[in-house]
Amino acid sequence: MSAAPVLSEPEAGAPAPRSRAARVLRGALPYVLALVLAFVVAGIVIAALGYDPVEAFRTILTTSFRTDFGFTETLTKWVPLTLLALGFTIPLAVGRFNIGGEGQLLVGATAAAGVGIVYAELPTGVLLPLVLVAGVLAGVVWAGIAAFLMGRFGVNEILSTVLLNFVSFQVLDYAATEVWSDPAAGVAATQRVGEGAVLPDIGGPPGVHAGILLAALVTLATIVVTRRTAAGFELRAAGTNPRAAGINGIRVERVAVVALVIGGALGGLAGALEVSGVHGRALEGMQANFLLLGIIIGLIARGSAVWVPVVAFGIAVLEVGASSMQRTVGVPAEMVLIIEALILIFLLLSDVIAGRLARRAA
Amino acid sequence: MSGVSKSFGPVRALVDADLELAGGEVHGLVGGNGAGKTTLMNVLYGLYRPDSGEIRVDGREVHVRSPRDAIDLGIGMVHQHLLQVSTYSVVENVVLGTKGGGTGGLRAAARRIGELSDRFGLAVDPRARTDRLSVGARQRVEILKVLYRGARVLVLDEPTTNLTPQEVDGLFASLREIVAEATSVVFISHKVREVLAICDRISVMRDGRRLTTVERSATDATGLASLMVGEPATEQSSDVAAALGLGAVGGGAAPGAEPAPEASAAARLTVAGLVVHNDQGVPAVHGVDLAVGAGEVLGVAGVAGNGQVELAEALAGVRRVHGGAVSVDGADLAGGPTCRWLDAGVAYVPEDRHRDGILGAASVTENLLLGSQRSGSYRRAGLLDWRRVREHARTTIDRYEIKTPGPDAPAGNLSGGNIQRLVLARAFERQPAVLVLQNPTRGLDLRSTRFVYDRVHEARDRGCAVVLISEDLDELSLLADRIVVLYSGRVVGERSRGDYDAYALGRLMAGVVQEGS
């Protein structure tokens, strides 16, 4: 169950084209094709549903850039999407699948909200770091359970992380209805955290919460660690060829355990930022479909920490455009999920076709 | 089968190979690793398509495009690695791929399997779950599967590797029953004694060709062993020696035959009572003792499948040591993680360089860094200093003459010889105290072979303890100061330089004689 087909660079193995420009063009071609094809197919579906596809796409693609509100909304969505995508791609580099992003996000949010409520009186300088650390630690514990079972007993991490998602729903539900319940909220939600736990906005109004800086920092750190440190090198080596890595002294299983735990930490951080920056509390349904989108982003970016934030921005644009499209054109917002899935499917398909062509040419 | 040729890229696995199988015989197919035995049978079974050649069944030319074609023609094969669905019952595994599905079908199938297993002495419970069975019983299931489909030709690829002596006896009794009913058996093996015990005729393969076929009654262990191992001065090996400028193998004048600089009395590598299991959890090395001094090259001879891989990986700290001790310069390493072995100065050149030696998709530079990524010389302020890594890679590429489009080219695209240079470069840059090599020149051209030999000499001169595990007796005679022979996971004999007799070694390798070592 190697992740190699997903992570392999499209040009690897193929004879190198002559110029750099040609190589870039060849590398970009599958992405352009996948995008165009996804929109063409989605356009046909929208037209078949009786809506105007041109108008729908115009709304999807421009909402984020036409209004301040749209742009803020896009950046706000970018934060959890990027963090969950990295939480997926870091373990993926060693061929392990963290499908527990939403569970890690929810326990992170619950822990963050808990700390923010219990110590509501503390000043920002103390409480805010505490809240974020609590979220990260909860994510670490949550992924740590799956990582321990994987490292110690060989339990498949896909199963354990997915199943822990279901447990996390109940953890949040318990906190939101029994421990810190806020009956006035209308949905299952905790009370609001103390003022000291709320992240300040930057810019605006409307502003983006300062957690975006933290997410950018984490992305940068991920890039530096994977590319410039011995640990990152071991991570990539263990993923490329576990046998050769092991023979050369890398403890592949330990690397995988650590990678999964780090993935959990990022999920927990995403949860804490949603509490501190967006909702001011933990509430049911706050995980949206970040897990699914995170996986899609990670796969479209082919596991590259450099491309994850870029792809995450694109997906955030589509997501924000989707609700606007539903309001103005009437096309269900779920249509966008179909587009996102189609992009990924066409991208993977283009890999298969490119592989076949290369083999035929050889 | 006649005139069968098959190449994998530049490697010619089969060169105009032929084989004739009579009805109702057990036909032995012997030869060293890479001789083409398994490849030839995979062609027969439709797993590989031959580049040329023809296959005739009962005089009629046939085209076997897939195992399904082979089965339709009555040809069945049991592979060394059993291919079964482990959670299925025996019956389900047997009928898998046949048209006998359905519940009623299963009951009838179970009855037939019971009959077959009674008739041929292949004891197995048809309702048992496959993963609960022993390796021997799972192999019986595979044979039943072939018989159930009405095969008239049964190919067994090294069937005795994981069997106990009792199970081997049982298997042989069953094979006798099977050929008594006019089914033919091809028995691929490395083990002379077993081949002589069961086969009616024996074909010897070498370098992708069938060398000869002999009647069982017309040969004996010594004769067969020397056929398998080859004459000490076959045309090909003397060619190699001449091309390498080494003179006749064993001649005192050749540079390779110079005695090692006085090996120091203290052993750098000591192995005592080493027990190692194979991937199936079956002991493959049983209590091996070795001692290798500084500047000494110890050769380990033996036919493949006698515990070499397990021994090599245990000595390299890659495979778990189940019993005994391995110490380097006095420090016991058994049970420690691989990185501690590396730190102690153990370097390993694995047999399968593509699978175990390199990160195929990573660059040559990264591959040269592998294993040294934590060393202080490549780090600055906690980060990897890629400039220094690349500089070092460039000089290493020059020094070891690794032919690559550049330091950033993927290592997997290099030729076999250059991959081996890369693996050796990485091993040597660590200034090893102990060097473990397994079949380091297999598949290499003369230039690269020579390169490997020079590096081994260099390591020896530097005071390194070298363990050279090889199936090539010429190579061992050339490089080793001492040769031990491994058979069935035990050291069955030892010879010192000047006392290398290919026939005597061949007999030891084939397990024909054992001597107290």
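Residues numbered from 1 in each chain as written. Chains lettered and ligands numbered in written order. Predicted model: local features only at pLDDT ≥ 70, side-chain atom pairs only at ≥ 80, totals over all residues. Heavy atoms only, no water.

1. Observations regarding the interface of chain B and chain A
Piece 1. On the side of chain A, 22 residues touch chain B, which itself brings 29 residues to the contact.
Piece 2. Summed over both partners, the interface of chain B with chain A buries about 2,100 Å², with 57% contributed by carbon and sulfur atoms.
Piece 3. The interface formed by chain B and chain A includes 4 salt bridges.
Piece 4. Notably, a salt bridge pairs B:Asp356 with A:Arg243, separated by 2.6 Å at the nearest N-O pair.
Piece 5. Applying the counting criterion to the chain B and chain A interface returns 10 residue pairs in polar contact (both at pLDDT 80 or more).
Piece 6. Counting only elements with at least two residues in the side of chain B that touches chain A, the list comes to α11 (338–343), α12 (353–357), α13 (364–369) and β18 (383–384) of chain B.
Piece 7. Sort the elements by how many residues they give to the side of chain B that touches chain A and α12(B) lands first, with 4 residues.
Piece 8. A class-by-class count of the residues in the side of chain B that touches chain A yields 14 nonpolar, 7 polar and 8 charged. (Contact = heavy atoms within 4.5 Å. Buried area = accessible area lost by both parts, 1.4 Å probe. Salt bridge = Lys/Arg side-chain N within 4 Å of Asp/Glu carboxyl O. Polar contact = N/O pair within 3.5 Å; in protein donor to acceptor, adjacent residues only side chain to side chain. Helix = DSSP H or I, 4+ residues; strand = E, 2+ residues; numbered from the N terminus. Nonpolar A, V, L, I, M, F, W, Y, C, P; charged D, E, K, R; others polar.)

2. Concerning the domain arrangement of chain A
Residue and element names in this part refer to chain A.
Piece 1. Segmenting chain A into domains produces domain 1 (16–51 + 331–362) and domain 2 (76–329).
Piece 2. Using only C-alpha atoms to locate each centre, domain 1 and domain 2 end up separated by 28 Å.
Piece 3. Counting residues at the interface gives 14 residues for domain 1, matched by 15 residues for domain 2.
Piece 4. Both sides together, the interface formed by domain 1 and domain 2 hides about 1,400 Å², and carbon and sulfur atoms give 69% of it.
Piece 5. Taken as a group, Val331, Glu340 and Leu344 account for 37% of the area that domain 1 buries against domain 2, more than any other trio of residues on that side.
Piece 6. Between Arg302 and Asp351 there is a salt bridge, and its shortest N-O distance comes to 2.6 Å.
Piece 7. For the pair domain 1 and domain 2, the interface holds 3 residue pairs in polar contact (both at pLDDT 80 or more).
Piece 8. At the level of elements, α2 (20–48) and α14 (334–361) are the ones that each hand at least two residues to the side of domain 1 that touches domain 2. (Domains from an automatic or database assignment.)

3. Comments concerning the environment of A:Gly314
Piece 1. In this fold, A:Gly314 is placed in helix α13 (residues 307–328).
Piece 2. For the pair formed by A:Gly314 and A:Arg243, sequence separation is 71 residues and the distance between their alpha carbons is 37 Å.

4. Points about the pairing of strand β22 (residues 490–496) of chain B
Residues and elements named next belong to chain B.
Piece 1. Where strand β21 (residues 482–487) lies against β22, 6 bridges are found, and the strand directions are antiparallel. Within the sheet, the bridge partner assigned to Leu486 lies in β22 and is Val491.
Piece 2. The hairpin turn running from β21 into β22, its antiparallel successor, is 2 residues long, and Ser488 in that turn takes a positive phi close to 50°. (Pairing = 2+ DSSP bridges.)

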